Amino acid sequence: MDTVDAAGTGWSPAGRVRGMGTSIFTEMTELARRTGAVNLGQGVPELDSPGPLLRDVAEAVLAGANQYPPAYGFPALREAIASHQRRRYGLQYAPQGEVLVTTGATEALAAVLLGLCDPGDEVIAFDPCYDAYPAVARFAGARLVPVPLAEDGEGFVLDEDALRAAVTGRTRVLVLNTPHNPTGKVFSAGELAVVAGICREHDLTVVTDEVYEHLVYDGAVHRTIAALPGMRERTLTISSAGKTFNVTGWKVGWVCGPARLVGAVASVKQFLTYASGTPYQEALARALGGVEEWATELRGILRRNRDLLSDGLARAGLRPYRADAGYFVQADIRAWGHADGVRFCRELPSRAGVVAIPTSAFQMRPDAPSYLVRFSFCRREKSVAEAVEKLMAAV
Ligand code: PMP
Ligand code: GLN
């Protein structure tokens, strides 16, 4: 849907949003609502959150934590984030100046690219990639340069040559996302070392989106590129409470990095939202301290769902790719006589009573494969099982 004025007044939106329309998540969530189909589209969890966290928010609200927090975020949360990075990755960040709380990872991404890029700069991202990256690069006047992840038969791998070929004199930033949406890929130690080497060689700033950092399965290990030699000083790490605690509606995210980079992000962030979510920030400060125990339980639930979904897709003839992490499994739809994921997803509710997202929503290259569709498994087991039954019945 475009937003050009239907009344014919000649009005049109600013160039930076022209043709952007409504996101595929909104379209598909609305389709699920209208048709009553099982929604395996948008990555919106149907799973419980930690009880003490919910109670702490309610108490914080009743105790009056309802006004602006400090612009960089509630101090105890910044300390909890710094401690989390130290404990898990051995990285030291000063809670004052090197940690910034944002309105979800989404605002962090926007503030980062607006704070780091000038018009004409190039931003590299691996394709497919989360749809916010090209959008916010465009807001910054920068050009997003997609570097395809290569298929290795069952999953997706780094293509070093493609990455090297994409770097130009205008490249300013590389956006990494591990664990990765939409593929469920976890970048290996070897792949991260290659990416880090190229970034050091060309003096690129790295933005690493790690919102699924706790959601890795089957012994896969999430590593952060910021911990590699010479990388801390050039890396901004983004994460969020949304996926880790099943609270995507709270929109509490954060950025860690060296003070000069975080300062540039804070300059933008203060005029996007200034600050938000005081009671959530207070409660999350405590929850983040105990995240490991909670995440172990959540990983168990998600891994079972992933297996249920992957097996079901395979039995329905929709070949699933390996997903080592996150919320999503990719499937190849060609065995159902389809080559176009968008058409497939628009027809799937009436054909099978299920909603999914075409991977093309995450692809920027005109020559990217069009036969991939993303199914999410962050739903109740019952919903995933129901979707699987419906898909099998529709074969
Ligand atoms: N990055 C990735 C890779 C995501 O999948 C999402 C989806 N939620 C976000 C960022 C946005 O996170 P938030 O909801 O915290 O804004
Ligand atoms: N991150 C979620 C997804 O990839 C939802 C994002 C959104 O709705 N903007 O499905």
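On a predicted model such as this, the values are computed, not experimentally measured, just so you know. (Residues numbered from 1 in each chain as written. Chains lettered and ligands numbered in written order. Predicted model: local features only at pLDDT ≥ 70, side-chain atom pairs only at ≥ 80, totals over all residues. Heavy atoms only, no water.)

**Q** I'd love a proper account of the site of ligand 1, names of residues and values included.
**A** Near ligand 1 there are 13 residues, and of these Thr 106, Asp 209, Tyr 212, Ser 240 and Lys 243 occur at the shortest range. The backbone of Ala 105 places a nitrogen or oxygen atom 2.8 Å from an oxygen atom of ligand 1. The side chain of Asp 209 places a nitrogen or oxygen atom 2.6 Å from a nitrogen atom of ligand 1. Here ligand 1 loses 93% of its free accessible area of 390 Å² to cover by the protein chains. In a pocket analysis with a 2 Å cut-off to the grid points, ligand 1 is assigned to the largest pocket. Sorting elements by how many residues they give to the shell around ligand 1 places helix α4 (residues 104-116) first, with three residues. (Near = heavy atom within 4 Å. Polar contact = N/O pair within 3.5 Å; in protein donor to acceptor, adjacent residues only side chain to side chain. Areas by Shrake-Rupley, 256 points an atom, 1.4 Å probe, with all protein chains shown as cover. 1 Å grid on protein atoms, 1.4 Å probe; cavity = no way out; pocket = protein on both sides within 12 Å on 5 of 7 lines; lining within 4 Å. Sits in = over half its atoms within 2 Å of the grid points. Helix = DSSP H or I, 4+ residues; strand = E, 2+ residues; numbered from the N terminus.)

**Q** Any chance you could break down the pattern of salt bridges for me, citing the residues and the numbers?
**A** Following the criterion strictly, the structure yields 28 salt bridges and no others. The partner of Arg 34 in a salt bridge is Glu 30, with the nearest N and O atoms 4.0 Å apart. In this pair, Arg 34 and Glu 30 are both assigned in helix α1 (residues 24-35), four residues apart and thus about one turn of the helix distant. By relative accessible area, Arg 34 is classed as exposed at 56%. What makes Glu 30 partly exposed here is its relative accessible area of 30%. Notably, a salt bridge pairs Arg 88 with Glu 292, separated by 3.3 Å at the nearest N-O pair. Note that Arg 88 is positioned in helix α3 (residues 75-89) and Glu 292 in helix α11 (residues 291-315), a separation of 204 residues in sequence. The class of Arg 88 is partly exposed, set by a relative accessible area of 31%. (Salt bridge = Lys/Arg side-chain N within 4 Å of Asp/Glu carboxyl O. Buried < 20%, exposed > 50% of the residue type's maximum accessible area, 1.4 Å probe, protein only.)

**Q** Describe the site of ligand 2, listing the residues and the values that go with them.
**A** Around ligand 2 lies a shell formed by Phe 25, Gln 42, Gly 43, Tyr 130, Asn 181, Tyr 212, Lys 243, Phe 328 and Arg 374. Within the side chain of Arg 374, a nitrogen or oxygen atom sits 2.6 Å from an oxygen atom of ligand 2. Here ligand 2 loses 79% of its free accessible area of 290 Å² to cover by the protein chains. Of all the cavities here, the one that holds ligand 2 is the largest pocket. Its residues assigned to classes, the shell around ligand 2 shows four nonpolar, three polar and two charged. (Nonpolar A, V, L, I, M, F, W, Y, C, P; charged D, E, K, R; others polar.)

**Q** Tell me about the environment of Pro 182, and name the residues and values.
**A** For Pro 182, the position within the fold is in the loop between β7 (171-177) and α7 (189-201). Under the relative-accessibility criterion, Pro 182 is labelled buried at 0%. The contacts of Pro 182, once residues within four sequence positions are left out, are Pro 128, Cys 129, Phe 328, Gln 330, Thr 359, Phe 362 and Arg 374. (Contact = heavy atoms within 4.5 Å.)

**Q** Describe the nonpolar core, with residues and values.
**A** Of all hydrophobic cores here, the largest spans 126 residues; its most connected members are Phe 126, Leu 174, Phe 245, Phe 375 and Leu 391. The leading source of residues in this core is α4, at eight residues. Once you skip the residues sitting within four places of it in the chain, Leu 391 turns out to touch Leu 313, Ala 316, Leu 318, Trp 336, Leu 348, Ala 352, Val 354 and Phe 375. (Core = buried A, V, L, I, M, F, W, Y, C linked by side-chain atoms within 4.5 Å.)

**Q** Which residues make up the layout of surface pockets, and what are the values?
**A** Here the largest pocket is characterised by a volume of approximately 1200 Å³. Taken together, 49 residues form the lining of the largest pocket, with Ser 23, Phe 25, Tyr 130, Asp 131 and Ala 132 sitting closest to its centre. Counting only elements with at least two residues in the lining of the largest pocket, the list comes to α1, α4, α5 (132-139) and α8 (241-244). Among the elements that take part in the lining of the largest pocket, α5 stands out by supplying seven residues, more than any other. Every residue lining the second largest pocket is listed: Pro 50, Gly 51, Pro 52, Leu 53, Asp 56, Phe 245, Arg 286, Ala 287, Gly 290 and Trp 294. Listed by contribution, the elements that provide at least two residues to the lining of the second largest pocket are α2 (51-62) and α10 (278-289). The dominant element in the lining of the second largest pocket, judged by the number of residues it contributes, is α2, at four residues. When the residues that make up the lining of the second largest pocket are grouped by side-chain class, the tally is six nonpolar, two polar and two charged. (Points joined across faces, edges and corners; volume = space filled by probe spheres on them.)

**Q** Which residues make up the sheet that holds strand β11 (residues 319-320), and what values do they have?
**A** An order of β11-β12-β15-β14 is seen for the four strands of this open sheet, with the pairing classed as antiparallel. Each having just a single partner strand, β11 and β14 (357-358) make up the two edges of the open sheet. As judged from the two bridges shared by β11 and strand β12 (residues 328-332), these two strands associate in the antiparallel manner. Pairing of Pro 320 across the sheet is with Ala 331, part of β12. This element, α11, spans β11, β12 and β15 (372-376) of the sheet and lies at about 5 degrees to β12. (Pairing = 2+ DSSP bridges. Axes fitted to C-alpha atoms, helices over the stretch in contact; angles between N-to-C directions.)

**Q** Describe the state of the cysteines, naming the residues involved and giving the relevant values.
**A** By definition, a disulfide links the sulfur atoms of two cysteine residues through a covalent bond. By the definition in use, this model includes zero disulfides. The thiol sulfur of Cys 117 is not disulfide-bonded, and the nearest other cysteine sulfur, from Cys 199, lies at 13 Å. (Disulfide = S-S within 2.5 Å.)

**Q** I'd like to hear about empty space enclosed by the protein, residue by residue, with values.
**A** Applying the stated criterion across every chain yields a total of two cavities of 30 Å³ or more. Along the walls of the largest cavity sit Pro 69, Pro 70, Ala 71, Gly 73, Val 101, Thr 102, Thr 103, Lys 269, Tyr 274, Ala 275, Ser 276 and Gln 281, which together make up its complete lining. When the residues that make up the lining of the largest cavity are grouped by side-chain class, the tally is six nonpolar, five polar and one charged. Space inside the second largest cavity adds up to approximately 30 Å³. Sort the elements by how many residues they give to the lining of the second largest cavity and strand β9 (residues 235-240) lands first, with three residues.

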